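Structure at a glance
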Amino acid sequence: MHINQFTEVISACRFCFMCRHLSAVGQAGCREADTPRGRALIADSIRMHPEKIADADFVDTIYRSDLAGSNRFHCDGYHDGKGYDEVGLQLALRRDIVEAGTQPENVKKIADEFEKTADWKVEGAGDVLYFTDRYSQSTPEIAQSFAKLAEKGAVKYRTISGGCIGKVLRVLGYADRSKAVAKKFAAFINGLGAKTLVVSNPAAYDTLVNDYKEYGIELKVKVMHSSEFIANLKLAYKPIKESVGYIESDFLKNYVKNYPYPAELLKQIGAKCEPIGTNIEESYTAGEAAVVLPLLNPTLTGQLAGQVAKSVDNELLLTASPYTRRTLSDANLKVLTLEEFAAQSL
Amino acid sequence: MQLAKDNYMYQMIRCELVDAVGKEFVNSGSADGLGHSVDYYWIPEMWHDRGLEPQKPDFVVHPGSTEEVAKVMKIANQYKIPVTPWGGGSGSQGGALPIYGGIILDMKRMNKVVEIDTRTLSVTCETGINAQHLEWAVEKAGYSTMHFPASIACATIGGFLAHRGTGVLSTKYGKIEDMVMSLEVVTPTGEIINTLPVPRHASGPDLTMLFLGSEGTLGVMTKVTLKIHPVPEARKFHAFLFPDMHSAMTAGAGLMHSRLQPCAIRLYDGPETAKLIKRVLGIDREGAYLVFGFDGPEKIVDLQMERACEICRNANPKEDLGTKSGEAWWNNRYKFFYPPYMFHMPQAFGTLDTVATFGKIENVYWAMKNTVETNFPEATFIGHFSHWYDWGCMLYARFIFEKAPEDPAEAAALYNRVWDMAIRAAIKEGGVINEHHGVGLKLGRLMKELYGPAMHVLEDIKKQLDPNNIMNPGKMGFKGV
């Protein structure tokens, strides 16, 4: 079983409560099982009694997780950056569930549908590639804003549009299929002979930087999140009076470990950032790192978004994540991506 | 009770609970059942570790309001179903375990901050709120609860009320019972009552204190008003190393006798200094580590600190470890409880916390230490003195076996033997069975020995309030089902 590679994590987390205050899903549903401790107990139970991998409630709980990484990031703070990888444990358990064939039907369906979208097309000309994924495409203002900023910075770029580059399959537990898709995308990108690949979705950034590295797949381009790319343009912005709240991306903060460019860009724009909620540790992304949580569990996604709505009192929220932009907008919050905010500030 | 799910009574009771709180808030799934079958008590952890099934609840019910709690209590009374309140599940005494099945009343949905009153300096909140979340909310308003226990990230406020919890700044700001202004309680029979709105009065006995520390056996505390404090201008720490625990204790008691107002004092005995202070703080010394702090207006803090250091220097320390070593302790105060710093399986371990007057506390320490080391030579005994009062201090002693017997029955027997012997030794020397973790399942059997004839008073109160014995039966020395 893949969870056997995480026995240290299981042993550490199964009786540990020290990060439970950061479990967004745990707070949304108030279920004891929806915490790192609850999930580690499940993993431990399955480790000792493999037949329990067919327990539908266990399986459902593992797929309820938002994979936000806030707990791991918190744990890192107490272990010199090497906290217990409870996200890794959950992904391993999802792999085991898939290999045992006990995953819910909708997990299979979502995986199949996304795998079919692993095809991409390129338009335009230039050394820079700009990849728009499903979430970025669903909010056309993001790509339009990027175009405006690139034009201002006199950058010519090619747009890559298309579907899955591996993340969805990975988070659902289909690691092998994720790797196959990743190989295909890498071959496609490497064949384009570009120097830079810019992505608006932090999930895509994490996939290309962290997952591909783990898969041993080489990308012959420098991968940037759009915040880095735009910050590097060093554009001039109008003074901003309005204060904003910036929602940290689970991927850029907790997975990539404090990717600095969103803050750098906000500084360049001169945004007056007010704190979000009551603290800087919790995830306010409404399930960004679970990538397809609205398809898996729309009720839970709604609860997460509702929880954010209750916690924040900022008039305008900014996010690096098209997923969070869309999910929180659906909860009637005023949210813009960094591209949109930067473009509006020109 | 543990009714089979295909029993029609199970389904009937479930229907009533669903009517009371809503379908999505009555859970009988295996995942949540597992989560509620293990708390921070070593016995159920060991049971799970050995691949055995700890006792699970029949229903996990998440009430969203006081009225819903009252409805659940009435249903439970009707069918005589045990109800065990559950907060964050981080109790170390097994107090929230559903040992007879029945209903786990998971309070986490009742997590609202009702009011922050900046004229009174108080906060009113529902008791299911996570303690760190409450602290963050109060901090956002510019204040602090000043309640910083190691379990702040996991426990609910209700959990602290239930077992009279203590935070690291207790020496100045008090234990939770010193912080409470008033309570709202749902009685076991489902009545909603409020205790008087002020904590000091001469209007009869103090009902607030009756419920604090009752561990869910006398009712469900649903709302609380707590004192809050301005965030202090400065908080500073200093540490000394003493040649032995006795000389460090003399210095610590001296600080309290001086009537200075330290916010924290902590004294680690030699073995714990060698083991944990070295491992967590990287201070590698032989002797007893004493750290203390002050907070408030900076000038007053500096003045008190100067006087406190003078007291310690006059008590012949081995070394003045300075401010940096003191600050290191404060900054890492929670680190002690994270794995791998915290003790963990396959170790068997327990916190033998007790409290006694300054006249008796050292005897209590030696009695417990000698009992453990003489009777269980394979165990290590370490201890520190965490919470200091005008009249005495709390001993946070721990025993650790590097490996417990594999057989769960043998492991449980060994574990209970240590507790029985060590706690009896403490009681004999003037200690009590617990200071801030509570009694729960772990120590209930020793309550009669501690209280003597006074235990009947507690039992009579329990009978009067809970005629059907549905509230957390079998805990705190009260009879089981």
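Residues numbered from 1 in each chain as written. Chains lettered and ligands numbered in written order. Predicted model: local features only at pLDDT ≥ 70, side-chain atom pairs only at ≥ 80, totals over all residues.

Across its full length, chain B carries 17 helices and 18 strands. At 23 Å, chain B has a C-alpha radius of gyration in line with the 23 Å of a compact globule built from 481 residues. In terms of principal-axis extent, the alpha carbons of chain B reach across some 70 × 55 × 40 Å. Per-residue burial for chain B yields a buried fraction of 53% across its 481 residues. Put simply, 72% of the contacts in chain B that link residues at least 6 apart link residues at least 24 apart. (Helix = DSSP H or I, 4+ residues; strand = E, 2+ residues; numbered from the N terminus. Rg over C-alpha atoms; globule rule 2.2 N^0.38 Å. Buried ≥ 20, exposed ≤ 12 C-beta atoms within 10 Å, placed from the backbone. Contact = placed C-beta atoms within 7 Å.)

Sheet strands pair via backbone hydrogen bonds, and the direction of the pair is either parallel or antiparallel. Residue and element names in this part refer to chain A. Read across the sheet, five strands follow the order β1-β3-β2-β4-β5 without closing on themselves; strand pairing throughout is mixed. A strand with exactly one partner marks an edge of an open sheet, and here the two such strands are β1 (120-124) and β5 (222-225). Across the sheet, the mean angle separating the axes of adjacent strands is 25° when strand polarity is ignored. Each of β4 (196-199) and β5 touches helix α13 (residues 226-233); the most contacted strand, β5, lies at about 90° to it. (Pairing = 2+ DSSP bridges. Axes fitted to C-alpha atoms, helices over the stretch in contact; angles between N-to-C directions.)

The next subject is the interface of chain A and chain B. Interfaces are frequently sized by the accessible area removed from exposure as the parts join. On the chain B side, the residues contacting the 27 residues of chain A number 35 residues. Taken together, the elements giving at least two residues each to the side of chain A that touches chain B come down to α1 (7-13), α3 (36-48) and α4 (56-64) of chain A. Broken down by element, the side of chain A that touches chain B gets its largest block of residues, five residues, from α3(A). In terms of residue class, the side of chain A that touches chain B is built from 14 nonpolar, eight polar and five charged. (Nonpolar A, V, L, I, M, F, W, Y, C, P; charged D, E, K, R; others polar.)

Residue and element names in this part refer to chain B. Note that strand β5 (residues 113-117) and strand β6 (residues 122-126) share four bridges and pair antiparallel. Paired with V113 across the bridge in β6 is C125. Between β5 and β6, which pair antiparallel and follow one another directly, the connecting turn spans four residues, one of which, L121, has a positive phi of 60°. In the sheet, β6 pairs with strand β10 (residues 220-227) via five bridges, with the strands oriented antiparallel.

The subject of this paragraph is helix α18 (residues 322-330) of chain A. Given 3.6 residues per helical turn, the α-helix brings residues three or four places apart onto the same face. Residues of α18(A) that are buried include every one of A:P322, A:Y323, A:T324, A:R325, A:T327 and A:L328, and no others. Count one or two residues on from α18(A) and you reach A:N332, which has phi positive near 65°.

What follows deals with the domain arrangement of chain A. Residue and element names in this part refer to chain A. Taken domain by domain, chain A consists of domain 1 (2-103), domain 2 (115-231) and domain 3 (235-344). The C-alpha-based centres of domain 1 and domain 3 are spaced at 25 Å. Each partner contributes residues to the interface: domain 1 has 17 residues there, and domain 3 has 18 residues. Every element with two or more residues in the side of domain 1 that touches domain 3 is listed here: α2 (24-29), α4 and α5 (70-77). With five residues, the single largest contributor to the side of domain 1 that touches domain 3 is α2. Of the residues in the side of domain 1 that touches domain 3, the class split is eight nonpolar, six polar and three charged. (Domains from an automatic or database assignment.)

On to the sheet that holds strand β15 (residues 319-321) of chain B. All names here are of chain B. Strand order in this open sheet of seven strands is β15-β12-β14-β13-β17-β18-β16, and the pairing throughout is antiparallel. Two strands in the sheet have a free side with no partner beyond their single neighbour: β15 and β16 (348-357). Neighbouring strand axes in the sheet, compared pairwise and without regard to direction, differ in orientation by 20° on average. Relative to strand β14 (residues 288-296), strand β12 (residues 234-242) runs antiparallel, the two being bridged by nine bridges. Looking at β14, one finds that F237 is bridged to G293. Against the sheet, helix α12 (residues 298-313) makes contact with β12, β14 and β15, and its axis sits at roughly 155° relative to β14, the strand it touches most.

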